[in-house]
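# Results of the structural survey
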Amino acid sequence: MNFRAIKGMNDILPGEIERWQAFERAFRDTVELFGYREARTPIVEPTSLFVRSIGEATDIVEKEMYSFERHDDALTLRPEGTAGVIRAFVEHHIDQKEPVTRWYYLGPMFRGERPARGRYRQFYQVGCELIGDAGPASDAEMIDMVVRFFERIGIGQLEVVVNSLGGPSTRPRYRQALVEHLTPRAEKLSEDSQRRLKTNPLRILDSKDPRDIEAMQGAPSVIDVLEGDDLEHWHGLLRHLEHLGTPFRPDPLLVRGLDYYRRTLFEIRTSAGQVGAQNAIGGGGRYDGLVAELGGPDLPSIGFALGIERILLAMSEAPAARKPVCFVAPIGQRASMEALVLARELRERGIVVDVDTRGASLRAMLRRANGLSAPVCLVLGDAEVESGQVQLKDLEGHGQSTLPRAEIVAQVVARLQGAGGTAG
Ligand code: AMP
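This one's a predicted model, so the numbers in the text were calculated from it and none came from an experiment. (Residues numbered from 1 in each chain as written. Predicted model: local features only at pLDDT ≥ 70, side-chain atom pairs only at ≥ 80, totals over all residues. Heavy atoms only, no water.)

## Considering the overall build of the chain
Stated precisely, the cut-off is as follows: For the purposes of this entry, the term helix denotes a DSSP run of H or I that reaches at least four residues, the term strand denotes a run of E that reaches at least two, and both are numbered from the N terminus. All radius of gyration figures rest on C-alpha atoms, and the globule criterion is 2.2 Å times the number of residues raised to 0.38. Accessibility here uses a 1.4 Å probe with only protein chains present; expressed as a share of the type maximum, an area under 20% marks a residue as buried, one over 50% as exposed, and anything in between as partly exposed. Contacts are residue-level and defined by heavy atoms, with any inter-residue pair within 4.5 Å sufficient.
Across its full length, the chain carries 15 helices and 16 strands. At 28 Å, the chain has a C-alpha radius of gyration far larger than the 22 Å of a compact globule built from 424 residues. Each of the three principal axes of the chain carries a C-alpha extent, and together these read 90 × 55 × 45 Å. Per-residue burial for the chain yields a buried fraction of 50% across its 424 residues. Put simply, of all contacts in the chain between residues at least 6 apart along the chain, 70% involve residues at least 24 apart.

## A closer look at the sheet that holds strand S7 (residues 158-164)
Basically, it comes down to this: In this analysis, strands are considered paired if DSSP registers two or more bridges between them. All axes here are fitted lines through C-alpha atoms, helices being fitted over the stretch that makes contact, and every angle between N-to-C directions spans 0 to 180 degrees.
Taken together, the eight strands give an open sheet; going across it, the order is S1-S5-S6-S11-S10-S9-S7-S8, and neighbouring strands pair in mixed fashion. Edge strands, defined here as strands with exactly one partner in the open sheet, are strand S1 (37-38) and strand S8 (249-250). Strand contacts of helix H4 (residues 82-91): strand S5 (101-110) and strand S6 (122-131), with the helix running at about 135° to S5, the strand carrying the most contacts.

## Focus: the state of the cysteines
Rules: To count as a disulfide, a pair of cysteine sulfur atoms needs to be within 2.5 Å.
Tallying each qualifying case throughout the model produces zero disulfides. Here Cys 326 is not cross-linked by a disulfide; its sulfur's nearest cysteine counterpart is in Cys 377, at 7.6 Å. Cys 326 gets classed as buried once you look at its relative accessible area, which sits at 0%.

## Re the nonpolar core
Worth spelling out the cut-off: As used in this record, nonpolar core signifies buried Ala, Val, Leu, Ile, Met, Phe, Trp, Tyr and Cys residues forming a set joined through side-chain atoms within 4.5 Å.
Core analysis: the biggest nonpolar cluster contains 46 residues, and Ile 86, Phe 89, Tyr 174, Leu 178, Leu 182 and Met 216 have the highest contact counts within it. Residue assignment for this core shows that the elements contributing at least two residues are helix H2 (47-54), helix H3 (59-64), H4, S5, S6, helix H6 (170-182) and helix H10 (290-293). Ranked by residues supplied to this core, first place goes to H4 with five residues. Leu 178 has contacts with Pro 201, Leu 202, Leu 205, Met 216, Ala 219 and Pro 220, leaving out every residue within four places of it along the chain. Counting residues in each nonpolar core, the second largest holds 39 residues, with Trp 20, Tyr 104, Leu 241 and Leu 312 among its members.

## A few points about the pattern of salt bridges
As a reminder of what qualifies: Salt bridges are defined by distance alone: a side-chain nitrogen of Lys or Arg within 4 Å of a carboxyl oxygen of Asp or Glu.
For the structure shown, the criterion picks out 27 salt bridges. Residues Asp 209 and Arg 211 are paired through a salt bridge, measuring 2.9 Å at the closest nitrogen-oxygen approach. One salt bridge in this structure joins Arg 368 and Asp 354, with 2.9 Å as the shortest N-O distance. In this pair, Arg 368 sits in helix H13 (residues 362-371) while Asp 354 sits in strand S13 (residues 352-355), placing the two residues 14 residues apart along the sequence.

## A word on the pairing of strand S14 (residues 376-381)
Burial of S14 is extensive: six of the six residues sit out of reach of the surface. Side chains Val 376, Leu 378 and Leu 380 of S14 all project onto a buried face; the interleaved residues Cys 377, Val 379 and Gly 381 project onto the opposite face, where all are buried too. Here strand S12 (residues 325-331) runs beside S14; their pairing, made up of six bridges, is parallel. Each residue of the ladder has a partner; that of Pro 330, found in S14, is Leu 380. In terms of strand pairing, S14 meets strand S15 (residues 389-394) through four bridges, oriented antiparallel. The partner of Val 379 across the bridge, within S15, is Gln 391.

Right, dumping it as structure tokens:
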């Protein structure tokens, strides 16, 4: 029997994982500077949570969720992070503890989409939610934070597109204007969009089908139907972004997959690297009705999510540097016991140590040390343990010396710090 990972779900193994870890560290470092704190919520939630928040007539809810029943409960593997985070916010009455909440999350999401390069069934997102600030200054700050993050990790050729979907009163008006524009052209739409025209016409804006793009020519723009506070919010956002010097482009055709968005929407795209057609590396928006929709107080909120895989595809392939390894090769039983003590002392000084405890020949152990690209190998036999010495082999310079046991830790620290990798 040959087992294989499920299609669209990937193993991320050592060698590749270092880039993920570097990405995650950079993300945490960036958003924590903006006051965000991590919230970890379950991967499985009640199906109704997603139906309620994402919306019934969305691709995700209609056909992509991994749902199942257990103990009479209808459950779903989370297809995105916001619903769970807002559920937790409401459940724990966080609004009674602080007027503004800034949370971030990180983890796997599940959608049964057709797998392709940059599109998977289990994929990873990082994201932020800012609850309790109606913007538009906070919207601009969040968009700017995302741009700073991408700059920090070295992703160029960025395009930030922004749009507004207005408030609860805008949507029906815009929907109507769109339906009026598209109904006479309905036969020219793709089959999916003919259906969307009845269920969720805003999603047609998003379609990449040339027939739909053609039919959208001359369609009214959502910005044209914005009024009052919604219009003011939109202008406020543009003013703040201009003042911050954040590069952006208003795009009235931008809509995003989820139903809960209000007012500000944004998406970050890149033409760098190998993301291909899946060039949206992140996006977000304001969802002022969602907290109340999920049973909480009526608080405004805005958030975004970034797909890790796509961002890594957009980054140069340079592997993240690995800390240099000090290899310890004991020969004999006493040496093997002493090697573990020596390794502990080295690790306490921040050195990565790999002790070969197999009882293998010196040749086999040195082969492994070379395989790990260890700059330094410590060889100790029972005789050395007896005389209080350790042999240090410099695997880069090919020299070797015998040193007193008492000096060895300081020697290794000095050498490996020179190699640029150890913690101090
Ligand atoms: P969304 O939650 O659909 O707004 O997606 C936010 C980000 O998650 C996107 O910009 C992508 O980078 C990423 N993403 C969404 N769906 C997938 C997928 N099926 N596979 C890989 N990344 C995805």
